[in-house]
Amino acid sequence: MSVENVLKTIKDNAIEWVDFRFVDLSGRAHHISLPAREVDEETFVNGVAFDGSSIPGFRGIEESDMVMMPDPDAAFIDPFTAHPTLNIMCNIYTPDGERYERDPRGIAAKAEEFLQASGVGTTAFFAPESEFFIFDDVRYESTMNSSSFYVDSEEAAWNTNRKEEGGNLGFKVGVKGGYVPVAPVDSQQDIRSEMCRLLEEVGLRVERHHHEVATAGQAEINFRFDTLKKTADNLLVYKYIVHNTARQYGKVATFMPKPLFGDNGSGMHVHQSIFDGDIPLFYEKGGYANLSEMALHYIGGILYHAPALLALTNPSTNSFKRLVPGYEAPVNLVFSKGNRSAAIRIPVAAVTPKGCRIEFRTPDSTANPYLAFSAMLMAGLDGIKRKINPVELGYGPMDKNIYEMSDDQKSQIRSVPGTLDEALDALKADYEFLLEGDVFTKDFIDNFIELKRGEAKAVGIRIHPHEYGLYFDC
């Protein structure tokens, strides 16, 4: 959409407010709203000022002034506001007009530019499968003398004997028993359909939705792939729609990777491929899963750099509560066709040459998508550049259920880091591939590690309720 078309949209739809948005390092969106009458062509030249010192990981108070530069190609009419509002995603610049090196969206733009300059291909396509839970109630606290959390869902397995319903209606979802059942077991068909309707209304192409494996309202909605930065934009819109639709239904949605103990967590499986114009570069008939040599090298790059990548694709302490064996978690750094126990799966069912792709299953939705997609692309391109062969390095293919292998066999397979601190250690030791083309900078990496170390420490020093059961009677 051009600036002219944005201004026409404002006029034609009687827009009252224009909401300018940017994303922080953790992937959370922030916004400032201007009256529509104050928005004109100059707004897209001069931008909108904001205080960068109030955003974690951005700037100190002595250099706090920053500028949001609106992107007319990333605009949509907000479906939730009482007053007609147009939302526009922005890039971040310094007051002197320089691209801000810590802007996640700017990093995504540089990653796309680096791909084109590399001569490997023209476009990288991404498609995330971002899972989430829909709860009826969520409560938590962490104080000096108390620490707890509580979530509830009308369809949860633990509510088979609940009386508050005025007569229990049954049809609860069992632990690991929630994959695509019909109603009344699946009680959330309508809310997911409404989410999909709104996603289509704001411009995303929905492919399907369904109940996921876990009890207590786990769900998944898939939307159409797009280019790297555009898909990251779409993922932020997706989360915005999911969160606010749930709220309209009197429920709450969370993309937290592991909100429940003892059942599957929520991942963000990321499908990706590279094209040269209209030509798919990951397809070669007759190869393993019809993959080209380039695709194998791309896989090699991701698996080789995976421990460091996880600091950006799984950047929360809770991420590593999901990455444990036994809950369909992709903890094994191997690739395979169709095998969901591998970190990288090659979809083979109903796949055309243009649909040939790889699926990195380890990430989750606490990741900032601009950073995560960019880091995955940079790792894959490094694999292509260095011709990293995943077979020669022992990364597969692994066409068997890894969870059923013997302990001795499993010991031969590399696993993901066990904690956020371990992933940050890996990133500190292996980041040079991210600096190619100045896509990421050393300053960004150091700052990101420091920010996430602080989160890990904040969790690590707090008393866990389970420790009372283990140690109180010592």
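Owing to the predicted nature of the structure, the values given are computational and were not obtained by experimental measurement.

1. Brief notes about unusual backbone geometry
- Following Ala183, the chain continues into Pro184 via a peptide bond in cis, with omega recorded as 5°.
- Mapped onto the elements of the fold, Pro184 is located in the loop between strand 8 (147-152) and helix 4 (189-201).
- In this model, Gly396 is joined to Pro397 through a cis peptide bond whose omega is 5°.
- Tracing the chain through its elements places Pro397 in the loop between helix 8 (369-386) and helix 9 (407-410).
- The phi torsion at Ala14 lies on the positive side, around 50°, for a residue other than glycine.

2. Focus: the pattern of salt bridges
- This structure, assessed with the given rule, holds 24 salt bridges.
- The residue Arg345 makes a salt bridge to Glu359 at a minimum N-O spacing of 2.6 Å. Remark: Glu359 occurs in strand 17 (residues 358-360) and Arg345 occurs in strand 16 (residues 342-346); sequence separation between them is 14 residues. Grouping residues by exposure puts Arg345 and Glu359 together as buried.
- The salt bridge involving Glu359 is made with Arg361; its shortest N-O contact spans 2.9 Å. Each of the two residues, Glu359 as well as Arg361, counts as buried.
- Three or more residues joined by partner-sharing salt bridges are found here, namely Asp19, Arg21 and Asp78.

3. What to know about the sheet that holds strand 4 (residues 65-77)
- Ordered in space as 2-1-5-4-3, the five strands form an open sheet in which the pairing is mixed. Only two strands of the sheet have a single neighbouring strand rather than two, namely strand 2 (29-35) and strand 3 (48-51). Averaged over all adjacent pairs, the angle separating strand axes in this sheet is 40°, with direction ignored.
- Judged from the five bridges that link them, strand 1 (residues 17-23) and strand 5 (residues 85-93) form a sheet pairing that is parallel. Directly across from Val18, in strand 5, lies its bridge partner Leu86.
- The sheet contacts of helix 1 (residues 3-12) involve strand 1, strand 4 and strand 5, and relative to strand 5 the element is tilted by about 150°.
- The sheet strands contacting helix 3 (residues 104-118) are strand 1, strand 4 and strand 5, and the helix crosses strand 5 at an angle near 70°.

4. Here we look at the environment of Ala342
- Mapped onto the elements of the fold, Ala342 is located in strand 16.
- Taking the C-alpha atoms as reference, Ala342 lies 9.8 Å from Glu359; in sequence the two are 17 residues apart.

5. A few points about the nonpolar core
- One finds Phe132, Tyr238, Ile274 and Leu377 to be the most contacted residues of the largest nonpolar core, which totals 120 residues.
- Filtering out sequence-adjacent residues up to four positions away, Tyr238 remains in contact with Ser130, Phe132, Leu199, Leu204, Ile221, Phe223 and Phe255.
- Counting residues in each nonpolar core, the second largest holds seven residues, with Phe133, Val151, Ala156 and Leu260 among its members.

6. Focus: the environment of Tyr140
- Structurally, the position occupied by Tyr140 is in strand 7 (residues 137-142).
- Of the residues examined, Tyr140 reaches a relative accessible area of 69% and is grouped as exposed.
- Between the alpha carbons of Tyr140 and Tyr150 there is a distance of 6.1 Å; along the sequence they are 10 residues apart.

7. Some remarks on helix 8
- When the terminal C-alpha atoms of helix 8 are compared, their 25 Å separation across 18 residues agrees well with the 26 Å that a helix rising 1.5 Å per residue should span.
- Buried residues dominate helix 8, accounting for 16 of its 18 residues.
- If you check the start of helix 8, you find a side-chain oxygen 3.0 Å away from the backbone N of Tyr370, and it comes from Asn368.
- The positive-phi residue at the C-terminal boundary of helix 8 is Lys387, with phi of around 55°.

8. With respect to the packing of helix 5 (residues 228-248) against helix 8
- Two elements in contact, helix 5 and helix 8, have axes separated by 9 Å at closest approach and are oriented at 150°. If you check the angle between helix 5 and helix 8, you find them roughly antiparallel. As for how helix 5 packs across helix 8, the hand of that crossing is right-handed. Only Pro369, Tyr370, Phe373, Ser374 and Leu377 of helix 8 make contact with helix 5, whose side of the interface consists of Leu228, Lys229, Thr231, Ala232, Asp233, Leu235 and Leu236.
- Tallied by class, residues from the contact of helix 5 with helix 8 come to eight nonpolar, two polar and two charged.

9. Comments concerning the UniProt feature "binding site: ATP" (unreviewed entry) in the chain
- UniProt's entry tags Glu207, Phe223, Arg224, Phe225, His271, Gln272, Ser273, Arg340 and Lys354 with the feature "binding site: ATP" (unreviewed entry), counted in the numbering of this structure.
- As for its position among the elements, Arg340 is in the loop between strand 15 (332-337) and strand 16.
- Once residues within four sequence positions are removed from consideration, Arg340 is found in contact with Glu328, Arg345 and Arg361.
- Within the secondary structure, Lys354 is located in the loop between strand 16 and strand 17.
- Residues contacting Lys354, with those up to four places away along its chain left out, are Phe275, Asp278 and Pro280.

So, how was this worked out
- Residues numbered from 1 in each chain as written.
- Predicted model: local features only at pLDDT ≥ 70, side-chain atom pairs only at ≥ 80, totals over all residues.
- Heavy atoms only, no water.
- Helix = DSSP H or I, 4+ residues; strand = E, 2+ residues; numbered from the N terminus.
- Salt bridge = Lys/Arg side-chain N within 4 Å of Asp/Glu carboxyl O.
- Buried < 20%, exposed > 50% of the residue type's maximum accessible area, 1.4 Å probe, protein only.
- Pairing = 2+ DSSP bridges.
- Axes fitted to C-alpha atoms, helices over the stretch in contact; angles between N-to-C directions.
- Contact = heavy atoms within 4.5 Å.
- Core = buried A, V, L, I, M, F, W, Y, C linked by side-chain atoms within 4.5 Å.
- Expected span 1.5 Å × (residues − 1).
- Polar contact = N/O pair within 3.5 Å; in protein donor to acceptor, adjacent residues only side chain to side chain.
- Parallel < 35°, antiparallel > 145°, perpendicular 65-115°, else oblique.
- Left-handed = near helix turned anticlockwise from the far one by under 90°.
- Nonpolar A, V, L, I, M, F, W, Y, C, P; charged D, E, K, R; others polar.
- UniProt positions renumbered as here; feature names shortened; annotations may be inferred.

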